[in-house]
Amino acid sequence: MRQVAVIVITTTLLAGSAGAQTQPCTSVTGRTVTVNGAATLRLKPDRASFSVGAETGAQSVSEAFKRNTAKLNAVVAALKERGVASQEIQTSNFSISSRVEKGKKTPGFRVSNLVTVTREDPASISELLQAAVAAGANQVEGLRFFVGDPGKSQPRGLEMAFQNARAKAEKLASLSGKSLGEVVCVADQSPSVLSSGFLARNYDAEAPNIEVGTEALNFNVSVVFELK
């Protein structure tokens, strides 16, 4: 048990101060209990992003490029007409390739160009996708909803995770005939926030029904308590 305590406090001190000298995680009595606490917060996403664009084939590279550029310009113009600002649009992919049909190369080339749109208005995404497809987009992908600043929820999440750890420690102390003492050391072990979404490929002319849902933010802590 004491070896685990040393590992936990070392991590904590390094994270708290890069210049601080590592100190051991020691207990007064030499008796400790180590527990992990977890908590999950479900928040409504306040950001959304998706990639949209066009792919065009032609006999020559220049012709494919010319036609595809015209399509993409029309798509971007349609998005801007519906309130998307220039700073919310970024080119995310551009490629030129030979045509391949049924595993074999055929005469001609394909040009593909995607732009990624990121907005603070998830409710507008359905309308924007409809407008993009109506303007000539034949590629739509990477649609996702996420929380723009998950750090705002960190204090509450860590508090809940710590309380979960304390409850576990109190139960273990009681089962062992001891009582819970002071915190010897504690470490935040929360993973990076991962956003979920779904892949969108094709849409009909009618606006798609898109549900924003919620995003789960997970928090985890490791705590070493004194036993007395």
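Anything mentioned here points back to the structure above.
Before going into details, it helps to say that this report is about the structure given with it. (Residues numbered from 1 in each chain as written. Predicted model: local features only at pLDDT ≥ 70, side-chain atom pairs only at ≥ 80, totals over all residues. Heavy atoms only, no water.)

## Side note on the overall build of the chain
Thinking step 1. Each helix and strand in the chain was counted, giving four helices and seven strands.
Thinking step 2. When its helices and strands are written in sequence order, the chain yields α-β-β-α-β-β-α-β-α-β-β.
Thinking step 3. Across the 228 residues of the chain, 36% fall into the buried class.
Thinking step 4. The contacts of the chain with a sequence gap of at least 6 include a subset with a gap of at least 24, amounting to 82%.
Thinking step 5. Accessible surface computed for the chain: about 13200 Å², of which carbon and sulfur atoms make up 50%. (Helix = DSSP H or I, 4+ residues; strand = E, 2+ residues; numbered from the N terminus. Buried < 20%, exposed > 50% of the residue type's maximum accessible area, 1.4 Å probe, protein only. Contact = heavy atoms within 4.5 Å. Areas by Shrake-Rupley, 256 points an atom, 1.4 Å probe, with all protein chains shown as cover.)

## Topic: the pattern of salt bridges
Thinking step 1. Counting across every chain of the model gives seven salt bridges.
Thinking step 2. A salt bridge links R67 to E63, with the shortest nitrogen-to-oxygen separation between them at 2.8 Å. With R67 and E63 both in helix α2 (residues 61-81), this residue pair falls four residues apart, about one helical turn.
Thinking step 3. Take R67: its relative accessible area is 42%, and that puts it in the partly exposed class.
Thinking step 4. One salt-bridge network, held together by shared partners, links D46, R47 and E120. (Salt bridge = Lys/Arg side-chain N within 4 Å of Asp/Glu carboxyl O.)

## Considerations on the sheet that holds strand β5 (residues 139-146)
Thinking step 1. Spatially, four strands are ordered β3-β4-β2-β5 in an open sheet, and the strand pairing comes out antiparallel. Of all strands in the sheet, those bounded by a partner on one side alone are β3 (89-101) and β5. Each neighbouring strand pair of the sheet contributes to a mean axis angle of 15 degrees, computed without reference to strand direction.
Thinking step 2. Inspection of the sheet shows strand β2 (residues 47-58) paired to β5 by six bridges, in the antiparallel sense. Following the sheet pairing, R47 is matched in β5 by F146.
Thinking step 3. Most of the contacts of α2 go to β2, to which it runs at about 150 degrees, and overall it touches β2, β3 and β4 (104-119). (Pairing = 2+ DSSP bridges. Axes fitted to C-alpha atoms, helices over the stretch in contact; angles between N-to-C directions.)

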